[in-house]
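Observations on the three-dimensional arrangement
The residues making up each chain are set out below.
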Amino acid sequence: MRYLKGEPHALPGHRGSLAGYPAQHFLFEVENGVATLTLNRPERKNPLTFDSYAELRELFRAFARADDVQAVVLAGSGENFCSGGDVHEIIGPLTRLDMPGLLAFTRLTGDVVKAMRACPQPIVAAIDGVCAGAGAMLALGSDIRYGTARSKTAFLFTRVGLAGCDMGACALLPRVIGQGRAAELLYTGRAMGGEEAERWGFLKRLCAPEELLAEAQAFAAALAAGPTFAHGMTKKMLQQEWNMGVDEAIEAEAQAQAICMATNDFHRAYHAFVAREKPRFEGD
């Protein structure tokens, strides 16, 4: 079986399988069109390292060429989502880097969120316990967020003397919860509890901790069974229209919808409707 990793120069249009991808820095599996990526350092609340950042970036880029992944679930093992950058393996070394090295690192972390936003599959985050710093940005970079009442999401960059504008936070968070609420969280670095996060629209819904992953996977599976080409178009428009005026957005959506109307999925849905059957979507 050929994996997409290690094939950065594949011909345009080349697609392949990610099932069985040998992840090095987290757990990874693909089942029924849903890829589940689980950060797996529970003894440290699943922190990130230089290497895990890089692997996350490359894997999310590879999703664009995966023919067996229609939706993605991002989770953490144990009772936490992600505590952010590892204090000993990232924060400490950063204090010894020169400016070019620091900029290379901050661009790497930002590239992870860029790759998440650019991959065509919807990403569903399952957030329990600690969701802090870069971990909060992985959650924010996802399309849909499920959580628990005990989850605590904190954009805590100011707590270590940094700006609250890391990895796209100042662009993404106001669009999800509003400018004033985002400003308060980014200035203070305080934790947002699960009930508050649901009330503010950061979390789609709250689940019991023992049911969280299954709920997120079930939602992802429902998306994977739908018109996946159209889902990818929806995600692209949600991203691109942030930088458009209303007239530009309407024209862009006209073009996007015309493209979707030329797909086999659209024609299958019509014939299924006429026959009073459930449509079968195949993503083409």
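If you tally the helices and strands in the chain, you get eleven helices and nine strands. The principal-axis extents of the C-alpha atoms in the chain amount to approximately 60 × 45 × 40 Å. In the chain, buried positions account for 44% of the 284 residues. Considering only contacts within the chain whose residues lie at least 6 apart along the sequence, 67% involve residues at least 24 apart. In the structure as shown, the chain presents an accessible area of about 14,600 Å², 56% of it carried by carbon and sulfur atoms. Each charge class in the chain can be summarised by its mean position, and for the 29 positive and 33 negative side chains these summaries are 3 Å apart.

Glancing now at empty space enclosed by the protein. Throughout the structure, instances matching the rule amount to one cavity of 30 Å³ or more. Roughly 40 Å³ of internal volume is contained in the largest cavity. Along the walls of the largest cavity sit His25, Leu39, Asn40, Arg41, Pro47, Leu48 and Ser52, which together make up its complete lining. Taken together, the residues of the lining of the largest cavity sort by class into three nonpolar, three polar and one charged.

Quick look at the sheet that holds strand β4 (residues 123-127) now. Read across the open sheet, the six strands follow the order β1-β2-β3-β4-β6-β9; overall the sheet is mixed. A strand with exactly one partner marks an edge of an open sheet, and here the two such strands are β1 (27-31) and β9 (205-206). Where β1 meets strand β2 (residues 34-39), five bridges bridge the pair, whose relative direction is antiparallel. Bridge pairing in β2 links leucine 27 to threonine 38. Lying on the sheet, helix α8 (residues 212-224) is in contact with β1, β2, β3 (71-76), β4, β6 (144-147) and β9; it crosses β3 at an angle near 170°.

Our next topic: the sheet that holds strand β8 (residues 191-193). Read from one edge of the open sheet, three strands run β5-β7-β8, paired in mixed fashion. Two strands lie at the open edges of the sheet, namely β5 (130-132) and β8, each paired on one side alone. Neighbour-to-neighbour, the strand axes of the sheet open up by a mean angle of 20°, direction not taken into account. When strand β7 (residues 152-154) meets β8, the two strands line up antiparallel, connected through three bridges. Bridging from a neighbouring strand, threonine 153 pairs with methionine 192 of β8. Sheet strands touched by helix α4 (residues 134-141): β5 and β7. Its angle to β5, the strand with the most contacts, is close to 90°.

What follows concerns the pairing of β6. Pairing geometry for β4 and β6, over four bridges, is parallel. From the neighbouring strand, valine 124 faces β6, where its bridge partner is isoleucine 144. When β6 meets β9, the two strands line up parallel, connected through two bridges. Each bridged residue has a counterpart across the sheet, and for glycine 147 the counterpart in β9 is leucine 206.

With that out of the way, let us pick up helix α6 (residues 179-188). Listed as buried for α6 are Ala182, Leu185 and Leu186. One side of α6 holds all its buried residues, which, seen down the axis, span an arc of 95°. Exposed and oriented more than 90 degrees from the buried face of α6 are Gly180 and Tyr187. Here the buried face of α6 lies against α5 (169-177) and β8. Count one or two residues on from α6 and you reach glycine 189, which has phi positive near 75°.

Right, let's get into the pattern of salt bridges. Enumeration over the complete set of coordinates arrives at 17 salt bridges. Its salt-bridge partner being arginine 190, residue glutamate 196 comes within 2.8 Å of it at the nearest N-O pair. Connected through salt bridges with shared partners, the residues Arg57, Glu58, Arg61, Asp111 and Lys114 form a single ionic network.

Each value, and the rule that gives it
Every residue gets a number counted from 1 within its own chain, in the order that chain's sequence is written. Selection of residues for local features in this predicted model requires a pLDDT of at least 70, selection of side-chain atom pairs for listing and counting requires 80 or more, and totals for whole chains, interfaces and linings are taken over all residues. The basis for every side-chain value is the complete set of non-hydrogen atoms in the structure, without hydrogens or water. Only DSSP runs of H or I with at least four residues qualify as helices, and only runs of E with at least two residues qualify as strands; both kinds are numbered from the N terminus onward. Type-normalised accessible area, obtained with a 1.4 Å probe on protein chains alone, sets the label of each residue: buried when under 20%, exposed when over 50%, and partly exposed for intermediate values. Note on contacts: a residue pair qualifies if any of its non-hydrogen atoms lie within 4.5 Å across the two residues. The Shrake-Rupley method, run with a 1.4 Å probe, gives the accessible areas here. Residue values count only the displayed protein chains as cover. For the purpose of counting charges, residues Lys and Arg are taken to be positive, whereas Asp and Glu are taken to be negative. His and the chain ends are not included. All charge positions are set by atom: Lys at NZ, Arg at CZ, Asp at CG, Glu at CD. Detection works on a 1 Å grid of protein atoms alone, calling trapped sets that fit a 1.4 Å probe cavities and calling open sets with protein on both sides within 12 Å along at least five of seven lines pockets, with lining residues defined by an atom within 4 Å of a point. Grid points are joined across faces, edges and corners, and a volume is the space filled by probe spheres set on the points. All residues other than Ala, Val, Leu, Ile, Met, Phe, Trp, Tyr, Cys, Pro, Asp, Glu, Lys and Arg, Gly among them, are scored as polar; the first ten of these are nonpolar and the last four charged. When DSSP finds at least two bridges between two strands, those strands are taken to pair. Axis definition: a line fitted to C-alpha atoms, over the contacting stretch in the case of helices. Angles run 0 to 180 degrees between N-to-C directions. Summarising the geometry, the arc corresponds to the directions from the helix axis toward the C-beta atoms. Here a salt bridge means any side-chain nitrogen of Lys or Arg lying within 4 Å of a carboxyl oxygen belonging to Asp or Glu.

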